[in-house]
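# Breakdown of the fold
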Amino acid sequence: MIPPIASNFVAGETPETALAHVEELNENGVAAIVNLLGEHYEERAPADADANEYVELADLIAERGADACISVKPSQIGLEVGATAFEENLARIVDAADCFVWVDMEDHETTDVTLDAVERHTVETDGQVGVCVQANLKRTREDLERLADLPGKVRLVKGAYDEPAEIAYKKKARVDESYRDLLEFMFREFDDGVAVGSHDPAMIDLARDLHEEYGTAYEVQMLMGVRETEQYALADEVDVYQYIPYGSKWFSYFYRRVREQKSNALFALRAVVGR
Ligand code: FAD
């Protein structure tokens, strides 16, 4: 059972509780990206089990007619077991899902294999598969040049992994500068596949300006529990997707959110001391 303080960031432990949250969001004009929590499996059985759950989740989304898609992590569906396990599970999910399938991006050692798999699937499904790329990685401009020629959407984020300085920008200001440059590239070169994965008001404003300049359609994606009032307000002008994690492995995700931002830590502390 998830304690109330964590339920701000995690939509329960089951597909049912996640879909109840999706329904509420949809009523407020916000779409959903549902993610089953889990990563770094070194054995095939849990990777297969999570892939099965994604297939069931996609069925449920279709059955309910929810405005929702799914997002999977490569190491959750077998990447650390081996390339075959990852490929087989991703193919199974993509073949079964009627909704859009996002592939999250993990640390830099997984970038090539993730992009290769996404390229194959997005071409085969004519754009029903999308991938996340990270502005803190120096290679991302080149990756975007490759992705610009493909169908499917691309989510630009600042990057959540602590990467070595030889391959990544380490200072926040430099990561922000890279995010701006890459976003401009995407609005200029992409045909309507731009997803702005950020809570940063400066990046949201920039996306609005770039949309006016280039006319490229875009969407904004934010996490459950972060700047939700702004998510609802933004949904009046642009497609907004909320990334909704759920599942029994909620603790480490919740802990990361709390550590990441002072306001979340204060929120959690207030809940604990009851004020
Ligand atoms: P920041 O520069 O961190 O923050 C800018 C401002 O946004 C802050 O000053 C604050 O006002 C607000 N803000 C940001 N985070 C919070 C918070 N937790 N609580 C309260 N306010 C906050 N990373 C990956 O490496 N791979 C992925 O696949 C991936 N997928 C993602 C999917 C989505 C939909 C989102 C939103 C993020 C994803 N990330 C992923 C995480 C991302 O890389 C960043 O670590 C994270 O989004 C924080 O960066 P930011 O752009 O929001 O801005």
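Refer to the structure printed above.
## Observations concerning helix α3 (residues 83–96)
In this model, α3 (14 residues) spans 20 Å end to end at C-alpha, consistent with the 20 Å of a helix rising 1.5 Å per residue. On its buried face, α3 sits against α2 (44–64), β2 (68–72), β3 (101–103), α4 (111–124) and β4 (129–134).

## Remarks on the pairing of strand β7 (residues 218–223)
A regular strand carries its side chains on alternate faces of the sheet. Burial analysis of β7 places six of its six residues in the buried class, the great majority of the element. Burial of β7 is two-sided: the residues Y218, V220 and M222 facing one way and the residues E219, Q221 and L223 facing the other way are all buried. Looking at chain direction, strand β6 (residues 194–197) and β7 are connected through four bridges and run parallel. Note that in β7 the partner of V194 across the bridge is Y218. Handedness of the crossover is the feature at issue here: the chain leaves β6, passes through helix α7 (residues 201–214), returns alongside β7, and the resulting connection is right-handed.

## Thoughts on the environment of D209
Relative to the elements of secondary structure, D209 occurs in helix α7. The class for D209 is partly exposed, based on a relative accessible area of 46%. In sequence terms D209 and S178 are 31 residues apart; their C-alpha atoms lie 17 Å from each other.

## Let's talk about the side chain of T140
Assignment of secondary structure puts T140 in helix α5 (residues 140–148). Only 2.7 Å separates the side chain of T140 from the backbone oxygen of Q134, close enough to count as a polar contact. When sequence neighbours within four positions are dropped, the list of residues in contact with T140 reads V133, Q134 and L182.

## Some thoughts on the packing of α5 against helix α6 (residues 172–189)
Between α5 and α6, the least distance of the axes is 11 Å, while the angle of their chain directions is 15°. In terms of axis orientation, α5 runs roughly parallel to α6. As α5 runs across α6, the sense of the crossing is right-handed. In contact with T140, R141, L144, E145 and A148 of α5, α6 contributes L182, F185, M186 and E189. Taken together, the residues of the contact of α5 with α6 sort by class into five nonpolar, one polar and three charged.

## What to know about the layout of surface pockets
Each pocket or cavity is described by its volume, and for the largest pocket that value is around 1600 Å³. In terms of lining residues, the largest pocket is bounded by 47 residues, among which G159, A160, L223, R257 and E260 are the most central. Where the lining of the largest pocket is concerned, the elements lending two or more residues are β4, β5 (154–157), α6, β7, α9 (251–260) and α10 (262–273). Among the elements that take part in the lining of the largest pocket, α9 stands out by supplying six residues, more than any other. Considered class by class, the residues forming the lining of the largest pocket number 15 nonpolar, 14 polar and 18 charged.

Thresholds applied
Residues numbered from 1 in each chain as written. Predicted model: local features only at pLDDT ≥ 70, side-chain atom pairs only at ≥ 80, totals over all residues. Heavy atoms only, no water. Helix = DSSP H or I, 4+ residues; strand = E, 2+ residues; numbered from the N terminus. Expected span 1.5 Å × (residues − 1). Contact = heavy atoms within 4.5 Å. Buried < 20%, exposed > 50% of the residue type's maximum accessible area, 1.4 Å probe, protein only. Pairing = 2+ DSSP bridges. Right-handed = clockwise from strand over helix to strand, strands pointing away. Polar contact = N/O pair within 3.5 Å; in protein donor to acceptor, adjacent residues only side chain to side chain. Axes fitted to C-alpha atoms, helices over the stretch in contact; angles between N-to-C directions. Parallel < 35°, antiparallel > 145°, perpendicular 65-115°, else oblique. Left-handed = near helix turned anticlockwise from the far one by under 90°. Nonpolar A, V, L, I, M, F, W, Y, C, P; charged D, E, K, R; others polar. 1 Å grid on protein atoms, 1.4 Å probe; cavity = no way out; pocket = protein on both sides within 12 Å on 5 of 7 lines; lining within 4 Å. Points joined across faces, edges and corners; volume = space filled by probe spheres on them.

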